[in-house]
Amino acid sequence: MAYMKPMILFHNFFGHLSTINHHKYQVMKNCFRVGLYKQGLLHDLSKYSPTEFIPGVKYFQGNRSPNNAQREAEGCSTAWLHHKGRNKHHFEYWIDYGIREEDGLMGMRMPTKYVVEMFVDRMCASKNYLKEKHKDSSSLEYYEERKDNYLIHPESRRLLEELLKMLAENGEDKTLQYIKKKILV
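No experiment lies behind these values; they were computed from the predicted model shown.

Reading the values: the criteria
- Residues numbered from 1 in each chain as written.
- Predicted model: local features only at pLDDT ≥ 70, side-chain atom pairs only at ≥ 80, totals over all residues.
- Heavy atoms only, no water.
- Salt bridge = Lys/Arg side-chain N within 4 Å of Asp/Glu carboxyl O.
- Axes fitted to C-alpha atoms, helices over the stretch in contact; angles between N-to-C directions.
- Helix = DSSP H or I, 4+ residues; strand = E, 2+ residues; numbered from the N terminus.
- Parallel < 35°, antiparallel > 145°, perpendicular 65-115°, else oblique.
- Contact = heavy atoms within 4.5 Å.
- Phe/Tyr/Trp six-rings, centres within 6.5 Å; stacked < 30°, edge-to-face > 60°.
- Buried < 20%, exposed > 50% of the residue type's maximum accessible area, 1.4 Å probe, protein only.
- Lys NZ or Arg CZ within 6 Å of the ring centre and 35° of its normal.
- Core = buried A, V, L, I, M, F, W, Y, C linked by side-chain atoms within 4.5 Å.

(A) The arrangement of the pattern of salt bridges in detail. Under the defined criterion, the tally for this structure stands at 11 salt bridges. For Asp44, the salt bridge goes to Lys47, with nearest N and O atoms at 3.2 Å. A salt bridge links Lys135 to Glu141; its shortest N-O distance comes to 3.3 Å. It is possible to trace a salt-bridge network through shared partners that takes in Arg33, Lys127, Glu172 and Asp173.

(B) Examining the packing of helix α6 (residues 112-130) against helix α9 (residues 172-183) more closely. Relative orientation of the contacting elements α6 and α9 amounts to 170°, with a least axis distance of 12 Å. By the angle class used here, α6 and α9 are roughly antiparallel. Each of Thr112, Val116, Phe119, Val120, Met123 and Lys127 in α6 lies in contact with α9, whose residues at this interface are Glu172, Thr175, Leu176, Ile179 and Ile183.

(C) Up close: the packing of aromatic side chains. All told, the structure shown has 8 aromatic pairs when counted by the stated rule. Between Phe32 and Tyr37 the ring centres are 5.3 Å apart and the planes differ by 50°, which places this aromatic pair in the tilted class. Using a relative accessible area of 28% as the deciding quantity, one classes Phe32 as partly exposed. Judged by centre distance (4.8 Å) and plane angle (50°), the ring pair of Phe91 and Tyr150 falls under tilted. In this pair, Phe91 sits in the loop between α5 (78-84) and β1 (95-97) while Tyr150 sits in the loop between α7 (138-146) and α8 (154-170), placing the two residues 59 residues apart along the sequence. For Phe91, a relative accessible area of 4% corresponds to the buried category. Taken together through their ring pairs, the aromatic side chains of Phe10, Phe13, Phe14 and Phe53 make up a single cluster. One Lys or Arg, Arg146, reaches over the ring of Tyr142 and ends 3.5 Å from the middle of that ring.

(D) Examining the side chain of Asn128 more closely. Summarising the element assignment, Asn128 is placed in helix α6. Using a relative accessible area of 8% as the deciding quantity, one classes Asn128 as buried.

(E) Region of the structure containing the nonpolar core. Membership of the largest hydrophobic core comes to 27 residues, with the highest contact counts inside it found for Val116, Phe119, Val120, Leu160 and Ile179. Those elements giving two or more residues to this core turn out to be α1 (4-34), α6, α7, α8 and α9. Here Val120 is in contact with Val27, Asn30, Cys31 and Leu176, once residues within four sequence places are set aside.

What follows is the structure in structure tokens.
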């Protein structure tokens, strides 16, 4: 069975690279559709860094984020800690201490363009991992299952939820047109 390890490594390397490339392309295409050209080009470039890419290969499964597998195996995901600290479209990037000591950690208001990129990221990640099981409501369902654990600014939360609900009810094309014509004006 020793010969299996290189084959698994080969499979994981190209599987992870393919997943990243596909996701990045989907996000870029949809960011371009709403006018976020720079964000579309720069989205998730840190995933190609050794800090994120190597654990991604090691924990690649194809149907979920390797960050979850790394977290389960090692107690935390060093790839995720690196990623969220470099990518402003993650609400976790915007967590800081409040002005008053008693406020503790809180979500800071995200610029609208990053909330939109977060929405696009979630929509495309859902498609990437669910494949043929994906439906327009998948991103909202995923969010709803976890939202009580999210430390996100109320305004950023409202916009994200509005867009996820619109996607579930009206589909991708109408939601992206709404973003372009009403949100990013």
